[in-house]
Amino acid sequence: MSGYWTIAVFGVDSRNSSVGKGNNSDVNILCNIDQGTGEIRLVSVYRDSYLNINDKNTYNKINAAYMQGGPEQVVKALNRNLDIDIDDYATFNWKAVADAINILGGIDVDITQNEMDMINKNVKEQYLIEVHYDGRNYDEAKAEYENTLLTTYGANTHLNGMQTLGYARIRKLDSDYARAERQRRVLNKLMEGMRNANVSKLFTLATQCTPYFQTNLQVTEIIDLAKIVLNRENFTSAAELRLPVPGTYKEGTVKEKSLLYDMDIQANTDELHRFIYLNN
């Protein structure tokens, strides 16, 4: 791991501003940064991966580790299962995603008609959740989400913050694989937007999203990371990997209703190490 900086990135499903334990981590991504070149590699560990989640040797979905013990417990679980040794993490919730995208001016992605329909469904839910948890006025929120609904789809469809959040949350349309791919796509778009943003916009991003964000990184470490990543000469999208990799897991159920991925730990550990440390 020498020369690399690996950070666990979590997105939690909190309906309020909380980001600690008591929430499921529906996004679990290992962000690996080559400190020499600034190259980034993103590894999605699917929320339904069936792993050893605590010191008592209990097996469950990896997102349950966050529910039980917050980011520290998930980091320990990932280290234990995947033979890595990381300490750093960053957690964000729904509000952080929407605000960050709006500050950076939105993103352009290719979407299908089915994705557009699911985005609109999620947008409506997101605004109604704000009414319930944040005490917003219903009529005001209703007017906002009606104005936010997409009416077109296709190549390079422009999405604002709430639409992007709805896009990243699409779950039942296809598969966890497709969902995690959309999440990584949003992260790549965010990095592109940050690279092109001026200092004032980056400052706004940092201050406005802070209440919905938690990390054990120090401010100086975050600045160092930004310099490494955003200042590299040839900025390209991050390379991506998904765990479990195809052909290395069995699908199953818990209590006859909940999908999980029972993975071949050794095969996935080998693939992870090759991808982020050997660049093969």
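Please read all numbers here as calculations on a predicted model, not as lab measurements. (Residues numbered from 1 in each chain as written. Predicted model: local features only at pLDDT ≥ 70, side-chain atom pairs only at ≥ 80, totals over all residues. Heavy atoms only, no water.)

*Asks:* Could you give me a rundown of the side chain of Asn32, with the residues and numbers involved?
*Replies:* Turning to its location among the elements, Asn32 is positioned in strand β2 (residues 25-34). A distance of 2.7 Å separates the side chain of Asn32 from the side chain of Thr6, its partner in a polar contact. Not counting chain neighbours up to four residues away, the residues in contact with Asn32 comprise Tyr4, Trp5, Thr6, Glu39, Ile40, Arg41, Ile276 and Tyr277. (Helix = DSSP H or I, 4+ residues; strand = E, 2+ residues; numbered from the N terminus. Polar contact = N/O pair within 3.5 Å; in protein donor to acceptor, adjacent residues only side chain to side chain. Contact = heavy atoms within 4.5 Å.)

*Asks:* Can you break down empty space enclosed by the protein residue by residue, with the values?
*Replies:* Where empty space is left in the structure can be found by rolling a water-sized probe over the atoms. The tally for this structure, following the rule as stated, stands at one cavity of 30 Å³ or more. Reported here for the largest cavity is a volume of approximately 70 Å³. If you go around the largest cavity, the residues you meet are Asp26, Asn28, Ile29, Ser44, Val45, Tyr46, Arg47, Asp176, Arg179, Ala180 and Gln183. Only β2, β3 (40-45) and α6 (176-196) provide two or more residues apiece to the lining of the largest cavity. With four residues, the top contributor of residues to the lining of the largest cavity is α6. Here the lining of the largest cavity is built from residues that sort into four nonpolar, three polar and four charged. (1 Å grid on protein atoms, 1.4 Å probe; cavity = no way out; pocket = protein on both sides within 12 Å on 5 of 7 lines; lining within 4 Å. Points joined across faces, edges and corners; volume = space filled by probe spheres on them. Nonpolar A, V, L, I, M, F, W, Y, C, P; charged D, E, K, R; others polar.)

*Asks:* Could you give me a rundown of the environment of Ile170, with the residues and numbers involved?
*Replies:* Tracing the backbone through its elements, the reader meets Ile170 in the loop between α5 (161-168) and α6. With a relative accessible area of 0%, Ile170 lands in the buried category. In sequence terms Ile170 and Met118 are 52 residues apart; their C-alpha atoms lie 6.4 Å from each other. Discounting chain neighbours no more than four positions away, the residues touching Ile170 are Glu115, Met118, Ile119, Asn122, Arg179 and Arg182. (Buried < 20%, exposed > 50% of the residue type's maximum accessible area, 1.4 Å probe, protein only.)

*Asks:* An account of the nonpolar core is needed here, citing residue identities and associated values.
*Replies:* Ile33, Ile40, Leu42, Ile111, Ile119 and Tyr167 are the most contacted members of the largest nonpolar core, which totals 48 residues. Top contributing element to this core by residue count: helix α2 (residues 94-103), with seven residues. If sequence neighbours within four positions are ignored, Ile119 has contacts with Ile111, Leu150, Gln163, Gly166, Tyr167 and Ile170. Ranked by size, the runner-up nonpolar core spans 30 residues in total, among them Ala65, Val75, Leu82 and Ile276. (Core = buried A, V, L, I, M, F, W, Y, C linked by side-chain atoms within 4.5 Å.)

*Asks:* Can you lay out the packing of aromatic side chains for me, pointing to particular residues and giving the numbers?
*Replies:* Counted by the stated rule, this structure contains nine aromatic pairs. Taken together, a centroid distance of 5.5 Å and an interplanar angle of 65° make the contact between Phe10 and Tyr66 edge-to-face. Of the two residues, Phe10 sits in strand β1 (residues 4-12) while Tyr66 sits in helix α1 (residues 62-82), which places them 56 residues apart along the sequence. An identical accessibility class is assigned to Phe10 and Tyr66; each is buried. For the pair Tyr50 and Tyr59, a centre-to-centre distance of 5.9 Å together with 45° between the ring planes defines the contact as tilted. Residue classification places Tyr59 among the partly exposed residues on the basis of a relative accessible area of 43%. Taken together, the aromatic side chains of Tyr46, Tyr177, Tyr249 and Tyr261 make up a single cluster linked through ring pairs. The aromatic ring of Phe275 is capped on one face by Arg41, whose charged end is 4.8 Å from the ring centroid. (Phe/Tyr/Trp six-rings, centres within 6.5 Å; stacked < 30°, edge-to-face > 60°. Lys NZ or Arg CZ within 6 Å of the ring centre and 35° of its normal.)

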